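Tertiary structure, described
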Amino acid sequence: MKPRLLLGAGVVLAAATMLVPLRHRAVLEADPANPVVRIRVDSRSLAGLRLPGWGVAVEGVPAWRGPGGFFLMANGPASAQVRAWPGFRQSLSIPGGGNWTPAGLPDEGDREAFRSWFVALLEQQVEAPSPAWEPAQRDCAGLLRFAFREALVPHTVEWRNRIAFSDSAPGQDPSPALGAAWRQGFPTPDGPRPFAKGAFLRRLACVPLGRDTALARPGDLVFFARGGARTQPDHAMAFVRPDVDGAPMLLYHTGPEGSGTTQKPGEVRRVRLDDLLHHPDPEFRPVPENPSFLGLYRWQLLAGGASEPFLPRS
């Protein structure tokens, strides 16, 4: 190779080296009031330019990638290893949970009381949405948030008037002293918030039960993520009371339909599990072979409860 070409190639290689992210530093961002910990990786080139790192990953803890880095639940002390190309390794000590811990309801009576009210509130929305359910929040995740919050509050006469709840009480109220942390909101990377998108409800407010819907009880949830590599927002459905023949039933909000001036607000619908298993769109079938089916989930609030499946009515 001619000297000039060698020199040119050397210059190009040197310039590229100055622009490649080679220096990395992992930073742990934790707040005692936030159940979610963020791991941020600061990557820079030799020229000092801040660039996205190559092959960045977090190992040793269940973490997911999100805006600004990686996130994980601080359920207890743990150690995470952060790696990046070309050979970067850094260990981080994850602290235990903060002051805000979304504990479950320890008493089975309280768990059943929550289930009953949660399901009753879901089913009421089929006939007509509650005036207390904000129109801007009327989608599949918004339906879950609304029923969850209202299932925990005291169900007084004033509450019935605000919610327009006309049915008879499905059972006793959960004890007011229990589930108090959940009344602050749902866990998100920014701390407890009254609004949390479906993915945060699934990852941070629920526990996975696997992909067998035969284990479902009223109040349990199923999640879908359609679109493959271009995943759309999570779609959620909730199990409610069985049909008259004892068959499992689910309920969900379709979300807004259409766009622009022709957009419709959508509606709450019921569907039998048997029909959902044969849905025309295979991405909405809750079967193990469907990659869009994320599985069966239970609210953390109910963690520790019994797991009896639906039983046929006598």
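See above for the structure.
Read on for a plain summary of the structure. Since this is a predicted model, take the numbers as computed values, not measurements.

Considering the sheet that holds strand 2 (residues 36–45)
Strands pair in a sheet through their backbones, by hydrogen bonds, and they do so in one of two ways: parallel or antiparallel. Across the sheet, which stays open at both edges, the 4 strands sit in the order 1-2-5-4 with antiparallel pairing between neighbours. Sheet topology places strand 1 (21–29) and strand 4 (64–66) at the edges, where each strand pairs with a single neighbour. Adjacent strand axes in the sheet meet at a mean angle of 30° when their direction is disregarded.

A few points about the pairing of strand 2
Taking burial as the measure, the 10 residues of strand 2 include 7 buried ones, the bulk of the element. Of the pairings in the sheet, the one linking strand 1 to strand 2 comprises 8 bridges and is antiparallel in character. Its bridge partner being in strand 2, R23 is matched across the sheet by R44. With 4 bridges joining them, strand 2 and strand 5 (residues 69–73) adopt antiparallel strand pairing. The partner of I39 across the bridge, within strand 5, is F70.

A few points about helix 3 (residues 140–152)
When the terminal C-alpha atoms of helix 3 are compared, their 19 Å separation across 13 residues agrees well with the 18 Å that a helix rising 1.5 Å per residue should span. Summarising burial for helix 3: 12 of the 13 residues are buried, a large majority. The N-capping residue of helix 3, defined by a side-chain oxygen 3.3 Å from the backbone nitrogen of A141, is D139.

Structural notes on helix 2 (residues 108–127)
Between its first and last C-alpha, helix 2 extends 30 Å over 20 residues, near the 28 Å set by a 1.5 Å rise per residue. Most of helix 2 sits out of view: 14 of its 20 residues are buried. Its side-chain oxygen placed 2.9 Å from the backbone nitrogen of G109, D107 serves as the N-cap of helix 2.

Side note on the sheet that holds strand 7 (residues 88–94)
The 3 strands are arranged 3-6-7 in an open sheet whose pairing can be described as antiparallel. In this open sheet, the two strands that pair with only one neighbour each are strand 3 (57–59) and strand 7. Recorded for the sheet is a direction-independent mean angle of 25° between the axes of neighbouring strands. Of the strand pairs in this sheet, strand 3 and strand 6 (residues 78–84) are connected by 3 bridges, and their pairing is antiparallel. Following the sheet pairing, A57 is matched in strand 6 by R83.

The rules behind each value
- Residues numbered from 1 in each chain as written.
- Predicted model: local features only at pLDDT ≥ 70, side-chain atom pairs only at ≥ 80, totals over all residues.
- Heavy atoms only, no water.
- Pairing = 2+ DSSP bridges.
- Helix = DSSP H or I, 4+ residues; strand = E, 2+ residues; numbered from the N terminus.
- Axes fitted to C-alpha atoms, helices over the stretch in contact; angles between N-to-C directions.
- Buried < 20%, exposed > 50% of the residue type's maximum accessible area, 1.4 Å probe, protein only.
- Expected span 1.5 Å × (residues − 1).
- Polar contact = N/O pair within 3.5 Å; in protein donor to acceptor, adjacent residues only side chain to side chain.

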